[in-house]
Structures are given as C-alpha cells and as structure tokens.
Amino acid sequence: MAAVEESSAGGNWKGAALRAVGVALTLLACFFVWKAVRGQADEVLPYLSSREFLVAGISCSLLWVLLNAVLGLLWRELLGLTGSEVGRLDSVRISLLTQVAKYLPGNVFHFAGRIVLAGSLGISKKRAGVATLLEAVFLVGVASLISLRLIATLPYGPWVMGAGLVLFLVAVSFAKKKLERLWREVKLERSGLVRILALAVVFSLLVFVIQATMFFWIESTLFGGLDLSPWQRLELVSASWGAGFLVVGSPGGLGVREYVFSYFADSGEVGPRLVAIAAITRLCSIAGDLLSLLLGVILRKRQK
C-alpha cells in the first residue's frame with residue numbers, strides 16, 4: 001500500500017513539474033509575443049477599428065466553430081474503433097461544449113470534459129479515453145508531417161524536432177502505466193478499420209485546412225495578402241498548433257503558437273505582419289470557442 005502511494009505521489013510530482021515547465025514556457029512566449037505586437041502597434045491598430053476587421057473576425061470565429069465540429073466527428077470515428085457508437089450530432093455537441101475548457105491551466109480539460117460527457121451517453125470512460133488519446137495522436141501526426149519540411153529548414157530545425165520528440169516521450173513516460181492499462185482493457189475493433197483510419201486522416205487534415213483558411217482570410221482582408229503559397233500557410237498553422245499542443249500545461253497553446261509566428265516574422269522569411277495575424281487568429285479562436293459553448297448548450301437543451 002505504501003509503495004502504491006509512493007508511486008502515485010511520484011507520478012503526481014512529475015506531472016506537476018511538467019505542467020510547471022509548460023506554464024513557464026507559456027509566460028515566456030507571451031512576453032516575446034507582447035514585445036513583437038507592441039513594436040508593430042502603430043501599424044496594426046488602424047486595422048482593428050475597420051469594418052474589414054469586424055467582417056474577418058466574425059467569419060473566422062464561425063470557421064473555428066466549424067473546426068470544433070470537425071473535431072467532434074474525428075472523435076466519433078475513433079470512438080467507433082473502440083467498439084462504441086455515438087451519433088454525429090451527439091459527438092459534435094460534446095466537442096462544442098468542451099473546447100473552451102482548453103484555456104484552463106493544463107490544456108487537458110477539454111479532453112477530460114469530453115470523457116466525462118461521454119458517460120451520459122452510456123460510453124465507458126476508458127473507451128472514451130482511448131478514442132481521445134487516438135485523436136491526439138492523429139492530430140499531432142498529421143501536423144508533424146505537414147510542417148516537417150518547414151521545421152527542417154530552420155537554422156535549428158533538427159534541434160527543434162529533437163526537443164519536440166523528447167518532450168513527447170517524457171509526457172508519454174509519465175502516463176505509461178495508465179496508457180498500458182487502457183490498451184489492455186479496451187480492444188480495438190478491426191471491422192471497418194481502413195474506412196475509420198481514412199476518415200480520421202481526412203478530419204485531422206481538415207482541422208489544419210480550416211486554420212489555414214482563417215489565416216488567409218485575415219491576411220487578405222486586413223493586410224492585402226502576403227507572398228505565401230497555400231501550402232506555406234498550411235505549414236505555418238500546423239507547426240504552430242503542434243508546438244502549442246506539445247507544451248504541456250500551456251492553456252490552449254496560448255502564447256506558444258503566437259511565438260512560432262513571431263519567430264518567422266523576426267527572421268524576415270515571411271513578413272512582420274505575421275504576429276498581428278496570429279494575435280487576431282487567437283482572438284477569433286477564443287470567440288469561436290465561446291460561440292461553440294453557446295451552440296452546444298442550445299443543442300443540449302433541444303435534445304432533452
């Protein structure tokens with residue numbers, strides 16, 4: 001019994017330490033982003049009071065609601081892989097209700113909330129947990145593949161990729177026992193495996209395509225467009241999303257994702273307005289998560 005308590009205390013200590021590092025990195029990233037935004041305030045502020053900003057903001061907030069719905073569909077497909085079934089509307093509703101929780105310290109409560117709400121549909125927490133874990137794996141995998149070339153071209157690209165891999169392995173090692181227990185207790189279904197995996201890849205890719213669309217909308221509406229190809233926009237949003245996800249403890253990747261954009265702005269490879277675009281995208285995503293919560297509550301009331 002004492003050994004179990006000691007192991008649990010050790011695991012809690014490790015998890016708390018990892019989250020503390022994530023929070024520290026978040027604050028540091030926010031500081032650098034703030035400096036970059038402050039340096040461009042005179043150029044950016046006139047855009048924020050324009051009609052175009054309002055149109056772009058509303059449009060991109062609605063696109064973020066669509067993104068949250070796609071995440072619900074992705075989770076539904078992976079839940080089917082565990083042998084559990086849930087309706088499309090139910091999975092979308094659960095995703096809409098929980099996404100705003102990502103801004104709580106830890107960056108995990110939107111996942112935890114989804115697992116809890118799955119219980120109201122008669123789905124075991126273990127199966128919901130496995131589906132949520134698989135969702136994270138697919139999203140990180142697709143984001144990594146998309147942004148691999150971009151990261152490799154950076155001056156310290158190999159070091160960045162190595163650090164990301166180490167951070168991921170450390171996080172997995174902390175949760176190793178829990179993951180092993182989940183895999184033993186939940187046997188994945190093989191029927192329809194190819195279809196489920198194909199849809200999971202498509203939905204994961206669509207998450208980043210929507211973000212790239214938001215990037216282009218803000219870029220073209222407010223700043224007249226930058227010299228970027230559609231693939232470069234997709235690489236940027238994928239790399240920034242992956243960085244925000246891997247920094248454990250960062251609420252919604254706050255500051256970390258924007259820092260990735262500010263790095264490219266400082267390097268002069270893309271342009272100084274990237275920071276402003278990243279900041280506006282963040283505002284739209286927060287508004288989109290709040291709209292998602294409202295829509296989720298409405299859907300929940302109508303189903304009762």
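Because the structure is predicted, anything quoted here is derived from the model rather than measured.

Participant: Talk me through the overall build of the protein chain; I want residue IDs and the actual numbers.
Facilitator: Within the protein chain, the secondary structure is distributed over 12 helices and zero strands. Listing each helix as α and each strand as β along the protein chain from the N terminus yields α-α-α-α-α-α-α-α-α-α-α-α. For the protein chain, the proportion of its 304 residues judged to be buried stands at 46%. Here the contacts in the protein chain between residues at least 6 apart in sequence split such that 78% fall between residues at least 24 apart. Here the protein chain displays about 15,700 Å² of accessible surface, and carbon together with sulfur accounts for 69% of that area.

Participant: Outline the packing of aromatic side chains, supporting the account with residue identities and numerical values.
Facilitator: Counted under the stated rule, the structure contains one aromatic pair. Relative to W241, the ring of F208 has its centre 5.3 Å away and its plane inclined at 80 degrees; by these criteria the two rings are edge-to-face. Within this pair, whereas F208 is found in helix 9 (residues 193-223), its partner W241 is found in helix 10 (residues 230-246), the two being separated by 33 residues in sequence. For the pair shown, F208 and W241 are each scored as buried.

Participant: Give a description of the environment of A69 that names residues and reports values.
Facilitator: Topologically, A69 is positioned in helix 3 (residues 51-81). Under the relative-accessibility criterion, A69 is labelled buried at 18%. Residues A69 and V207 lie 138 residues apart in sequence; the distance between their C-alpha atoms is 9.6 Å. If we ignore the near neighbours within four places in the chain, the residues touching A69 are V92 and L96.

Participant: Describe a nonpolar patch on the surface, with residues and values.
Facilitator: Side chains of L54, I58, L62, L291, L294, L295 and I298 sit close together on the surface and give an oily, nonpolar patch of about 620 Å² of accessible area. When residues of the nonpolar patch are traced back to their parent elements, those giving at least two are helix 3 and helix 12 (274-303). It is helix 12 that contributes the most residues to the nonpolar patch, four residues altogether. The residue L291 is located in helix 12 in this model.

Participant: Residues and numbers for the side chain of S285, please.
Facilitator: Note on placement: S285 falls in helix 12. Judged by its relative accessible area of 3%, S285 is buried. Beyond its immediate stretch of four places on either side in the chain, S285 contacts W64 and Y103.

Participant: Give a description of the confidence of the model for the protein chain that names residues and reports values.
Facilitator: For the protein chain, mean pLDDT is 76; residues scoring 70 or higher make up 64% of the total. Across residues 1-11, where pLDDT falls below 50, the model places one contact with residues more than four positions away in sequence or in other chains.

Participant: Any chance you could break down the packing of helix 3 against helix 4 (residues 88-98) for me, citing the residues and the numbers?
Facilitator: At a closest axis distance of 8 Å, the pairing of helix 3 and helix 4 adopts a crossing angle of 125 degrees. Relative to helix 4, the element helix 3 is oriented oblique. Remark: the crossing between helix 3 and helix 4 carries right-handed chirality. Only R88, S91, V92, I94, S95 and L96 of helix 4 make contact with helix 3, whose side of the interface consists of V65, N68, A69, L71, G72, L73, W75 and R76.

Participant: Lay out the environment of L63 in plain terms, naming residues and giving numbers.
Facilitator: Here L63 shows up in helix 3. The class of L63 is buried, set by a relative accessible area of 16%. For L63 and G288, which are 225 residues apart along the polypeptide, the C-alpha to C-alpha distance reads 7.6 Å. Sequence-distant contacts of L63, that is, excluding residues within four places in its chain, are made with I210, T213, M214 and W217.

Cut-offs used in this document
- Residues numbered from 1 in each chain as written.
- Predicted model: local features only at pLDDT ≥ 70, side-chain atom pairs only at ≥ 80, totals over all residues.
- Heavy atoms only, no water.
- Helix = DSSP H or I, 4+ residues; strand = E, 2+ residues; numbered from the N terminus.
- Buried < 20%, exposed > 50% of the residue type's maximum accessible area, 1.4 Å probe, protein only.
- Contact = heavy atoms within 4.5 Å.
- Areas by Shrake-Rupley, 256 points an atom, 1.4 Å probe, with all protein chains shown as cover.
- Phe/Tyr/Trp six-rings, centres within 6.5 Å; stacked < 30°, edge-to-face > 60°.
- Patch = residues over 30% accessible without salt bridge, like charges linked within 9 Å, V, L, I, M, F, W, Y side chains within 5 Å.
- Salt bridge = Lys/Arg side-chain N within 4 Å of Asp/Glu carboxyl O.
- pLDDT = per-residue confidence, 0-100.
- Axes fitted to C-alpha atoms, helices over the stretch in contact; angles between N-to-C directions.
- Parallel < 35°, antiparallel > 145°, perpendicular 65-115°, else oblique.
- Left-handed = near helix turned anticlockwise from the far one by under 90°.

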